[in-house]
Amino acid sequence: MKTREVKIINQGLEDEMEVWGFRPCLWKRVLVGVGAVCSGGLLLLLLYWLPEWGVKGTCTHSSLRDAHTLLLRTTDEFKQWFRAKVHVMSAPGKKPFDCLDLQTTTQLPNGDGDHGVGAVREEHHGTFRQLHQIHYFTHHSTKYFWNEMIQNFEIYKGLEDVEVSCASIHSDHSPGLSKTLQDYRRLFFGENEIAVRVPSLFKLLIKEVLNPFYIFQLFSVILWSAEDYYYYATAIVFMSTISIATSLYTIKKQYVMLHDMVAAHSVVRVSVSRGSKDVEQAMSTELVPGDVIIIPTNGMVMPCDAVLVHGTCIVNESMLTGESVPVTKTSLPSSGEEAARSFNTEEHKRYTLFCGTHVIQTRFYAGELVEAVVVRTGFSTEKGQLVRSILHPKPTDFKLYHDAYLFLLCLVGVAGIGFIYTIILSIMNKVPTKTIIIESLDIITITVPPALPAAMTAGIVYAQRRLKRVGIFCISPQRINVCGQLNLVCFDKTGTLTEDGLDMWGVQTAEGGRFSPPEADAAKESLVNSEFVACMATCHSLTKIEGELSGDPLDLKMFSATGWILEEPTEEETALHNPIMPTVVRPPKQSLPEADPNNPLTHNMSCEIGIVRQFPFSSTLQRMSVVIRRLGEKHMNAYLKGAPEVVASLCKPHTVPQSFTETLETYTRQGFRVIALAHRQLESKLSWHKVQSLSRDLIETNMEFLGLIIMQNKIKEETAGVLLELRQANIRTLMVTGDNMLTAISVARDCGMVRAHEKVIIADAVPPKDFHPASITWHYTENPAQTNTDNETVEVNLEHGVHDKSVTQQEPSYHFAVTGRAFAVITEYFPHLVQKLALRAIVFARMAPDQKTQLVEVLQSIDYMVGMCGDGANDCGALKRAHSGISLSELEASVASPFTSTTSNISCVPILIREGRAALITSFCVFKFMALYSIIQYLSVTLLYSILSNLGDFQFLFIDIAIILIIAFTMSLNPAWKELVWHRPPSSLISGRLLCSVLSQILTCLVFQVLAFLLVRQQSWYETWTPQSDACNVSSSSLSHSRNATSPHDHKNIKNYENTTLFYVSSFQYLAVAIIFSKGKPFRQPSYKNWPFMLSCISLYTFILLIMLYPVPAIDSFLEIVCVPHDWRVTLVIIVIVNAAVSFMLEILILDIILRRLDFRCDQAVTRPTEPLSADAPQEVNDRWGSSFISWLFCRRNKPPRACYMHLALELLDNADWPPRPSTVTYASNLPSHISDPL
């Protein structure tokens, strides 16, 4: 075996990691100890910050099996390192679901031996033949156990590990576990609790203080103290203490909030079945996978993930999904095709009660308990995994932070130059060694600004507060910046683009294979006794909670349209009658047709219907069904409701009207939501108990088609306006829905997502069948407005902020529409077409929840920054996967997505993008300002070092506290601009315009500081300053003729003319660059609307101008400023004004107007074909020349666009065969797909 082996754990999963094994090495530890002593503990700090160095520096490689320490590295783009200690435990078996090797074996119903932990302690009594030593380690609240078979570590999640079928859960696991076997499994799965340990303040303090930033500050404070800069050092210590205290308070508060949220219902008393119908009370922390718990009648908050094996539950899953509508959970199928499949919580979630969800009430039958088998516990549960993701979040993948570190490295490089310069200059001037060391190190502390991290996060904090005020809550603040880069937003349809509730438009029944005329009122007398209305009244998941009907809005609307009454029996009634129907529906008495005088009870009895069994709606199957029995009838009936295409496929062909497809298209093209109903009479021999165990596949077949329910799904008022705003801002929008394709296309047209002149091409893909390869048929839908249909492109004028008011952009005038089934086929058989379709697709219909997530990943793979907006119910995966997920929910914080909006429409999307853009630009502004601040101070100090001087303690204090701190935090307060503009803010600090901006300002500041520095030395009154000097009152004739460099009168030499001059000039430079960099339009409100910032700037300008023109002795003494003649003060004012004017001209005129305009034209040239220049357009010639120059300057000449989707769009513009022609078919083959002749 190789000693340097590397294994992969969690392969294929989101938290996939590489793992190496290590054993302690004595000589390495000794060396590290010596190094730590010699470096004063700095080596230990370095090894703490870099875990891979820490492990490799103290251990040697070994096999994983023999390892004492493990080194883990994530395989994602972040490549994070972790270290973990290997522990050993003794257990009577190797795996939690192993059959135990016992001397006295008691076989349990689930196949495991009847002994556990209790017997481990009695090994000397001979209970177990041997104990196994099991190696394991814990990482991010998850235990990994060593598996000898695969020679790797693995996770035990729960019952799914043994790939148990649904049928065997009923047969093998439903009796429950013995106490000893429960104890044995707890060795592996641990206590059933999601333990959020709140760290002590001391631990948090140590972790915070050991941050590299604070260590650097500690180093700076020691250095400043050595230079006797006590006041400044004390101020930094004070600021750092406040910063650490605030940070500790925030972190501690977050831990406490999370702990309270998790612990609220995590430990409860539960009833556990121990086999042979023995039920005992136990604490929920004792539960393990395989236990059987009894759900009480009045409900409970689930302490684990469990699958229902008996009974039905009404559950509120808002904690998980953000959807407050209660859902019905039914028992797991015990027979049929579905029962033979392996149990999976995702696939069988309609039977699974998830941890943290609230069971409102249970439905049970006489003599039977509502039972559920525990499948997952602790951090393996759905809730546990969500808590883990909050406790151990992934780093934010955003270029800004990566570039910030690169920029800081550049500053360190600049500091290195100053470091060498200071050493050489000091040696030449024969400065003492101690002074050389202190002053050269001081240059480094000046160049890297200590307040940078706090200032960078200020913009995000302010944006989060503004979002909270408009009802948008955020659990991941770093993602606010990411929102500023979104260029594509996916929208769910129902409840997001359209109203949540549906209005009943009418019904159209079918009899004898023909449709009857549509009826507006389903409650009319002639339909009361029909199977159609009976299906409407029973095929739903409604329940009464505190006397009020509750459930899916569609079901509520459908049921209320019938006018029927729903009644649920009390617990006493259920116990008295066996078997009694759990739910009964009946029409109101006044709606009943006239009774037969000979048998007055007949109609009344036949109209009362009991719901015997319910198969809940499945978004994967796109249908739901119920089994019912009419009062007085011996046989039962099955009713089915679902997507028309699905229902029709399950019906007898002769019962489906021939005009079904045409009728359905007629309604869906108008944007109606259409639901089909079907009916089937079951065999009379079927008993109530037999129905409870039947699979839905056996019931949902050979149905008789009943007709269509037509519902109107109105578009929300705000939808069209928001979509128009996003399109004008160059943000692409598309619809991802579970609804019918034609309905979705109609809604897309009505809300403006698809414009009047644009064609929609449906890609209808079918998998291979009977030796025919997979194929895609391209259907062109009818265009309501037949304009521009013959042209491939259409000219569109778009408004876009500060650029030209009308920029003509050629844009393809077609879109694709894809169904979930077609999407699956194309992904599997036409992978080369997936990205091409994703580039122009606008409607994705009949999409399953996992397909929505898959689509988001496809869009991200072609470099789109993807936002997702949905109601949180079926979109959880997509909301989490997107760069920015926005859940429309009434809850303040839903773990379903990073952002939750309490506003029930999509108006929150542009608000979030605007705030994201404002926060992003604020981060750029603050970073540029802090970089300039450190460089300006660096220039001042470097110039003063040349005369063996420096800035004074209180000068540093005034600059850093009064100017920088106040300005940095108030310049972040600019609110977002009121509208979205065409172009997005840059995502990178390392971009041409930003670098030009920073470098031009650095050069300007350098020129004016050097100018002032040299000019003051050329003044007629200039002399070597001494305490006796009085330049303000000395005449030019009596001045000393000495022109030598200032010689120090004390060891610091702070007071001199150069120092005073540079202090004044640099103070104004800080304020000038703050105002210049505090950008307003087009992403933020103008700075003059930010009154704290403007007030701070005006106050500081006034104060510095006053002390410069009208010196105050007390202030001069405090800041160690010397008196200079009034003429020189006026000269300084002129220098400062010219400096500010030049800085403004460079930033506003050259960078903001010329460069942005030419850079934008470069982008336009990339995204559209070259057009011939007109002879009478000199401005266009100049712009084209300018664009070429900018392209050359920024190394962009002849380079393809960086974003994959832009590159793909350029390729498709030149492809004459794209899009495919109407009614052509593309076949899958080993060779590139070919397009056949038209059908």
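Residues numbered from 1 in each chain as written. Predicted model: local features only at pLDDT ≥ 70, side-chain atom pairs only at ≥ 80, totals over all residues. Heavy atoms only, no water.

Undergrad: Quick one: what's the story with the packing of aromatic side chains, residue by residue and with numbers?
TA: Evaluated as defined, the whole model comprises 31 aromatic pairs. Each ring, one from Tyr-667 and one from Phe-672, has its centre 6.2 Å from the other, and the planes form 75 degrees; the classification is edge-to-face. Ring centres 6.0 Å apart and planes at 50 degrees place the aromatic pair Phe-1063 and Tyr-1064 in the tilted group. Each member of the pair, Phe-1063 as well as Tyr-1064, carries the same accessibility label: buried. (Phe/Tyr/Trp six-rings, centres within 6.5 Å; stacked < 30°, edge-to-face > 60°. Buried < 20%, exposed > 50% of the residue type's maximum accessible area, 1.4 Å probe, protein only.)

Undergrad: Kindly report on the nonpolar core, identifying the contributing residues and their values.
TA: Grouped burial of nonpolar side chains is what soluble globular proteins tend to show. Counting 90 residues, the largest nonpolar core has Phe-929, Met-930, Ile-963, Ile-967 and Tyr-1057 as its most contacted members. Tallying contributions element by element places helix α31 (residues 908-945) first for this core, with 19 residues. The residues contacting Ile-967, other than those within four sequence positions of it, are Phe-929, Leu-1071, Ala-1074, Phe-1093, Ser-1096, Cys-1097 and Leu-1100. Among the nonpolar cores identified, the runner-up in size contains 88 residues, and Leu-734, Trp-778, Ala-817 and Val-856 belong to it. (Core = buried A, V, L, I, M, F, W, Y, C linked by side-chain atoms within 4.5 Å. Helix = DSSP H or I, 4+ residues; strand = E, 2+ residues; numbered from the N terminus. Contact = heavy atoms within 4.5 Å.)

Undergrad: Account for the pattern of salt bridges, naming residues and giving values.
TA: Working definition: two side chains of opposite charge can pair if their charged atoms are close together. Applying the stated criterion across every chain, the model contains 25 salt bridges. Across the pair Arg-186 and Asp-183 runs a salt bridge, and its minimum N-O distance is 3.1 Å. Of this pair, Arg-186 and Asp-183 both sit in helix α6 (residues 179-189), 3 residues apart, roughly one helical turn. Classification of Arg-186 by relative accessible area gives buried; the value is 15%. Here Arg-696 ties to Glu-700 by a salt bridge, and the two come within 3.0 Å at their closest N and O atoms. Each member of the pair, Arg-696 together with Glu-700, is buried. (Salt bridge = Lys/Arg side-chain N within 4 Å of Asp/Glu carboxyl O.)

Undergrad: Give a description of the side chain of Thr-922 that names residues and reports values.
TA: Examined against the element boundaries, Thr-922 turns out to sit in helix α31. Ignoring sequence-local partners within four residues, the contact set of Thr-922 consists of Gly-459, Ser-972 and Arg-1084.

Undergrad: Hey, could you go over the environment of Val-196 for me, with residue numbers and the actual values?
TA: Structurally, the position occupied by Val-196 is in the loop between α6 and α7 (201-209). The spacing of Val-196 and Ser-141 is 55 residues in sequence and 9.4 Å in space, taken between C-alpha atoms. Not counting residues up to four positions away in its chain, the partners in contact with Val-196 are Tyr-255, Leu-258, His-259, Val-262, Val-387 and Leu-391.

Undergrad: Residue-level account of the sheet that holds strand β11 (residues 279-283), with values.
TA: Spatially, the 6 strands line up as an open sheet ordered β11-β10-β12-β19-β14-β17, and their pairing is antiparallel. Strand pairing shows two members of the sheet lacking a second neighbour, β11 and β17 (352-353), which therefore form its edges. As paired elements, strand β10 (residues 269-273) and strand β12 (residues 292-294) share 3 bridges and run antiparallel to each other. Bridge pairing in β12 links Ser-273 to Val-292. (Pairing = 2+ DSSP bridges.)

Undergrad: Pulling in residues and values, what's your account of the layout of surface pockets?
TA: Taken as a whole, the second largest pocket spans an internal volume of roughly 800 Å³. Taken together, 28 residues form the lining of the second largest pocket, with Glu-645, Met-741, Asp-764, Thr-819 and Arg-821 sitting closest to its centre. Elements with a minimum of two residues in the lining of the second largest pocket: α21 (644-649), α22 (660-669), α26 (741-750), β34 (759-766), β35 (775-780) and α27 (820-829). Counting residues per element, the lining of the second largest pocket draws most heavily on α22, which supplies 6 residues. Split by residue class, the lining of the second largest pocket holds 10 nonpolar, 11 polar and 7 charged. (1 Å grid on protein atoms, 1.4 Å probe; cavity = no way out; pocket = protein on both sides within 12 Å on 5 of 7 lines; lining within 4 Å. Points joined across faces, edges and corners; volume = space filled by probe spheres on them. Nonpolar A, V, L, I, M, F, W, Y, C, P; charged D, E, K, R; others polar.)

Undergrad: Mind laying out a nonpolar patch on the surface, listing which residues take part and the relevant values?
TA: Taken together, Leu-406, Leu-409, Ile-990, Leu-995 and Leu-999 make up a surface patch of nonpolar side chains, about 420 Å² in accessible area. Looking at the nonpolar patch, the elements that each hand over two or more residues are α13 (399-428) and α33 (992-1018). Note on placement: Ile-990 falls in the loop between α32 (953-970) and α33. (Patch = residues over 30% accessible without salt bridge, like charges linked within 9 Å, V, L, I, M, F, W, Y side chains within 5 Å. Areas by Shrake-Rupley, 256 points an atom, 1.4 Å probe, with all protein chains shown as cover.)

Undergrad: How would you summarise the environment of Leu-1006 if you had to cite specific residues and measurements?
TA: With respect to the helices and strands, the residue Leu-1006 is situated in helix α33. Taking the relative accessible area as the measure of exposure, Leu-1006 reaches 31% and is therefore partly exposed. Remark: the alpha-carbon pair of Leu-1006 and Leu-943, spanning 63 residues in sequence, is separated by 10.0 Å.

Undergrad: Give a detailed account of the confidence of the model for the protein chain, specifying residues and quantitative values.
TA: Counting all residues, the mean pLDDT for the protein chain is 78, and 82% of those residues have values of 70 or more. Across residues 1035-1049, confidence stays below pLDDT 50; counting only partners more than four residues off in sequence or on other chains, it has 23 contacts. Counted against residues more than four places away or in other chains, residues 1162-1183, with its pLDDT under 50, gives 26 contacts. (pLDDT = per-residue confidence, 0-100.)

Undergrad: Tell me about the environment of Arg-65, and name the residues and values.
TA: Here Arg-65 lies in the loop between β3 (59-62) and β4 (69-74). Expressed as a C-alpha distance, the spacing of Arg-65 and Trp-146, which sit 81 residues apart in the sequence, is 7.5 Å. What Arg-65 contacts, discounting residues up to four positions off in sequence, is His-135, Trp-146, Glu-148 and Gln-151. Separated by 2.7 Å, the side chains of Arg-65 and Glu-148 make a polar contact. (Polar contact = N/O pair within 3.5 Å; in protein donor to acceptor, adjacent residues only side chain to side chain.)

Undergrad: Explain the pairing of strand β22 (residues 503-511) residue by residue, including any values.
TA: Two elements, β22 and strand β32 (residues 704-712), share 6 bridges in a ladder whose sense is antiparallel. Looking across to β32, one finds that Asp-503 is bridged to Gln-712. In textbook terms, the turn of a hairpin is the stretch between consecutive antiparallel strands, and for β22 and strand β23 (residues 514-515) this stretch comprises 2 residues, one of which, Gly-512, has a positive phi near 60 degrees.

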